[in-house]
Amino acid sequence: KAGVTQTPRYLIKTRGQQVTLSCSPISGHRSVSWYQQTPGQGLQFLFEYFSETQRNKGNFPGRFSGRQFSNSRSEMNVSTLELGDSALYLCASSPDAGQGYNEQFFGPGTRLTVL
Amino acid sequence: AQSVTQPDIHITVSEGASLELRCNYSYGATPYLFWYVQSPGQGLQLLLKYFSGDTLVQGIKGFEAEFKRSQSSFNLRKPSVHWSDAAEYFCAVGSPGGNEKLTFGTGTRLTIIP
């Protein structure tokens, strides 16, 4: 089975622009979560999508948004980029079989640099 | 709110030596606990997890961890490290009940010297 894939792997943007990152979960997985990783703040939960609905949300401003498609693929969008948005954005998928906690499988991440 | 503390930012050990990485958590009930490893430029790979049952859990790559409720700890151990174990290690806690959110510690960077 193919793992979680994220595109693009690297991205350079300038302040004020917007960006869209894509995540394809493992086949059959229905839950997709997004995390931001920075040297200062570490790994922080952004949001989780399940069946095209945002099910959980972290403490990020509204500039960060996401969506999930019917095939479970997910995108996250950051509008009006700030220098502090430079980070590694990780996507994780889980099967969510409805029986308690489900293991999350992480993708390689998208490295976003904001200039 | 749940939280995870990894008190050691950086640890250096000699190849072949034993390793213990510390993790303490704060959570109202029995949490789901995880250790992940991240190599430079890579995503996170799950080493092991604890949900319930036996408090000593075995993982991949020869790692094990012990859940100690009385100490709110979930320390990661390996009896003999290899140069390929050099990476960053993250302890994480998840909430029972189907909530997929993970709360991570700040990570411990492991350096292996010959």
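Some remarks on the interface of chain B and chain A
- Facing 20 residues of chain B, the contacting portion of chain A comprises 22 residues.
- Approximately 1,700 Å² of surface area, both sides summed, lies buried where chain B meets chain A, with 56% of it carried by carbon and sulfur atoms.
- The tally of links from chain B across to chain A stands at one salt bridge.
- In this structure, the salt-bridge partner of Lys-49 of chain B is Glu-103 of chain A, at a minimum N-O distance of 3.3 Å.
- Where chain B touches chain A, the interface holds four residue pairs in polar contact (both at pLDDT 80 or more).
- Those elements that place two or more of their residues in the side of chain B that touches chain A are β5 (32-38), β6 (44-50), β10 (87-94) and β11 (102-104) of chain B.
- Residues that form the side of chain B that touches chain A fall into these classes: nine nonpolar, eight polar and three charged.

Details of the packing of aromatic side chains
- Here the structure, examined in full by the defined rule, presents 16 aromatic pairs over all chains.
- Note on Phe-63 of chain B and Tyr-89 of chain B: the rings are 5.6 Å apart at their centroids and 50° apart in plane angle, and the pair reads as tilted. In this pair, Phe-63 of chain B sits in the loop between β7 (56-58) and β8 (64-68) while Tyr-89 of chain B sits in strand β10, placing the two residues 26 residues apart along the sequence.
- For Phe-63 of chain B, a relative accessible area of 0% puts it in the buried group.
- Given the relative accessible area of 1%, Tyr-89 of chain B is considered buried.
- With a centroid separation of 6.3 Å and 90° between ring planes, the pair formed by Phe-90 of chain B and Phe-104 of chain B is classed as edge-to-face. Of the two residues, Phe-90 of chain B is situated in strand β10 and Phe-104 of chain B in strand β11; the sequence distance between them amounts to 14 residues. Here Phe-90 of chain B matches Phe-104 of chain B in class, with each residue buried.
- Cluster of aromatic residues (ring-pair linked, three or more members): Tyr-35, Phe-45 and Phe-106 of chain A together with Tyr-32, Phe-34, Tyr-36, Phe-51, Phe-90 and Phe-104 of chain B.

Reading the values: the criteria
Residues numbered from 1 in each chain as written. Chains lettered and ligands numbered in written order. Predicted model: local features only at pLDDT ≥ 70, side-chain atom pairs only at ≥ 80, totals over all residues. Heavy atoms only, no water. Contact = heavy atoms within 4.5 Å. Buried area = accessible area lost by both parts, 1.4 Å probe. Salt bridge = Lys/Arg side-chain N within 4 Å of Asp/Glu carboxyl O. Polar contact = N/O pair within 3.5 Å; in protein donor to acceptor, adjacent residues only side chain to side chain. Helix = DSSP H or I, 4+ residues; strand = E, 2+ residues; numbered from the N terminus. Nonpolar A, V, L, I, M, F, W, Y, C, P; charged D, E, K, R; others polar. Phe/Tyr/Trp six-rings, centres within 6.5 Å; stacked < 30°, edge-to-face > 60°. Buried < 20%, exposed > 50% of the residue type's maximum accessible area, 1.4 Å probe, protein only.

The values reported here are purely geometric and, on their own, carry no functional implication.
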